[in-house]
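# Structural characterization, general
One-letter residues, chain by chain:
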Amino acid sequence: MWCQRLAWLLRGQRGSTGRRWPRLPRDPGPVPAAPARCHPTAPASPRCAWQLQQDHLELRYGSTLMRLDFVWLRDHCRSASCYNAKTNQRSLDTASVDLAIRPQAVRVDETTLFLTWPDGHVTRYGLEWLVRNSYEGQKQQVMHPRILWNAEIYRQAQVPSVDCRRFLETDEGLKEFLQNFLLYGIAFVENVTPTKEDTEILAERISIIRETIYGRMWYFTSDFSRGDTAYTKLALDRHTDTTYFQEPCGIQVFHCLKHEGTGGRTLLVDGFHAAEQVLRRAPEHFELLAKVPLKHEYVESVGGCHNHMIGVGPVLNVYPWNNELYLIRYNNYDRAVINTVPHDVVRRWYHAHRALTAELRRPDNELWVKLKPGKALFVDNWRVLHGREAFTGYRQLCGCYLTRDDVLNTARLLGLQA
């Protein structure tokens, strides 16, 4: 996976997993302050061994070597006095923990790590929990499993649309829709009554609607009622929306209510697939696009609409612990003056941007869809770029933006990884 192949960009983070851990007698009791020996668990559990260091515990469980800071181990205690299991919230005051704290005793059995602290408090951790929640465990996982696609891959997958009634009335239909959306970044609902009111009901099934400078639910025509190229009949190149927000909108809903004319097909491109190709061919370009901050800007003064929005961030946004891409901010229309990049970097940035643009514009990455009344499209605006071919005649769309947190919350409550 591309996010794993970028691991070399994190300097000094590799663990010495090649060390041999000798099998020694079990821990006899309190741990001395001097450098400790390796301590295996009981013979029935050869997969685990531990070693006390000056400020952290090294714990090998299975194939994972974890380095667990003592303060971290005290702070994350799940005992009743430190953690409220009913509310899933920490009770311990982190600021009260001695930053020089060190356990007086350490013991590990086949499933659990036991730590006794200087005040006599005992902390217990399941070894599987530690693997899942340690830094070393997290960097081996992805936050959001995905299927990267070009036009052919998506067509071959034959991803089904979900019927509107099944989407609205059954958890199974909703779960199928959300699974498709999480994997591909786009999903369709069929047989929707072509009205703004019914589209609103559809959207609210999975999220709170995010009100923006464009309103809550909007009608979209070519009347140039806003200071935006989208409100014309012109073609639109691929882009993500609201790059000029500090947090771009997470999901966009489109529903074509009427089109009396020709053209107007919608273009969809998987930005993460394009970024993967850049990473594979020129990782230095990927790194630059993930590090250089840019400004995007939206200025309008049309009718009663007066706005000046500025958003700042790199084109590619990655989680620093595993380099998993989670957001692409790409909109050449709204990119502001580049004044955040020094002269010795800006030319290299242009080369990197050109490489990404070339991938985004490859014809085999372009999925063209003709939106029609009754078929609603949901787009992950943090991943999938959209565009439009020029059109003639009267064309009316409605839609809205959804809050990303609420969509992912709905998916998790249905048992999906999101």
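These notes cover the structure that comes with them. Not measured: the values here are computed from a predicted model.

Proteins that are soluble and globular tend to have nonpolar side chains buried together. Phe 177, Leu 178, Ile 206, Phe 378 and Leu 402 are the most contacted members of the largest nonpolar core, which has 28 residues in total. Elements supplying a minimum of two residues to this core: helix H6 (164-169), helix H7 (171-184), strand S11 (186-190), helix H8 (196-204), strand S15 (251-260), strand S22 (376-380), strand S24 (394-402) and helix H12 (404-413). The residues touching Ile 206, leaving out its near neighbours within four places in the chain, are Phe 167, Leu 174, Phe 177, Leu 178, Phe 378, Leu 402, Asp 406, Val 407 and Thr 410. By size, the runner-up hydrophobic cluster in this structure holds 26 residues, among which are Leu 267, Ile 328, Tyr 330 and Ala 352.

This paragraph deals with empty space enclosed by the protein. All told, the structure shown has 2 cavities of 30 Å³ or more when counted by the stated rule. Considered as a void within the structure, the largest cavity measures approximately 60 Å³ in volume. What lines the largest cavity is simply His 144, Arg 146, Phe 181, Leu 182, Asp 380, Arg 404 and Leu 408. Among the secondary structure elements, those contributing two or more residues to the lining of the largest cavity are H7 and H12.

Below, the discussion takes up the packing of aromatic side chains. Here the structure, examined in full by the defined rule, presents 18 aromatic pairs. Arranged with centres 6.2 Å apart and planes meeting at 55 degrees, the rings of Tyr 326 and Trp 382 form a pair that is tilted. Placement of Tyr 326 in strand S20 (residues 325-328) and of Trp 382 in the loop between S22 and strand S23 (384-388) is noted, with a sequence separation of 56 residues between them. Note on Tyr 326: relative accessible area 22%, which makes it partly exposed.

On to the sheet that holds strand S8 (residues 112-116). Strand order in the open sheet formed by 3 strands is S7-S8-S9, and the pairing between neighbours is antiparallel. The strands lining the two open edges of the sheet, one partner per strand, are strand S7 (105-108) and strand S9 (122-126). Neighbour-to-neighbour, the strand axes of the sheet open up by a mean angle of 15 degrees, direction not taken into account. Where S7 meets S8, 4 bridges bridge the pair, whose relative direction is antiparallel. Within the sheet, the bridge partner assigned to Val 108 lies in S8 and is Leu 113.

Pairing within the open sheet is antiparallel, and its 4 strands lie in the order S14-S23-S16-S21. Whereas interior strands pair on both sides, the edge strands pair on one side only; in this sheet they are strand S14 (236-239) and strand S21 (367-369). Neighbour to neighbour, the strand axes of the sheet diverge by 20 degrees on average, direction disregarded. Across the face of the sheet, helix H9 (residues 271-281) comes into contact with strand S16 (266-270) and S23 while running at roughly 45 degrees to S16.

So, how was this worked out
- Residues numbered from 1 in each chain as written.
- Predicted model: local features only at pLDDT ≥ 70, side-chain atom pairs only at ≥ 80, totals over all residues.
- Heavy atoms only, no water.
- Core = buried A, V, L, I, M, F, W, Y, C linked by side-chain atoms within 4.5 Å.
- Buried < 20%, exposed > 50% of the residue type's maximum accessible area, 1.4 Å probe, protein only.
- Helix = DSSP H or I, 4+ residues; strand = E, 2+ residues; numbered from the N terminus.
- Contact = heavy atoms within 4.5 Å.
- 1 Å grid on protein atoms, 1.4 Å probe; cavity = no way out; pocket = protein on both sides within 12 Å on 5 of 7 lines; lining within 4 Å.
- Points joined across faces, edges and corners; volume = space filled by probe spheres on them.
- Phe/Tyr/Trp six-rings, centres within 6.5 Å; stacked < 30°, edge-to-face > 60°.
- Pairing = 2+ DSSP bridges.
- Axes fitted to C-alpha atoms, helices over the stretch in contact; angles between N-to-C directions.

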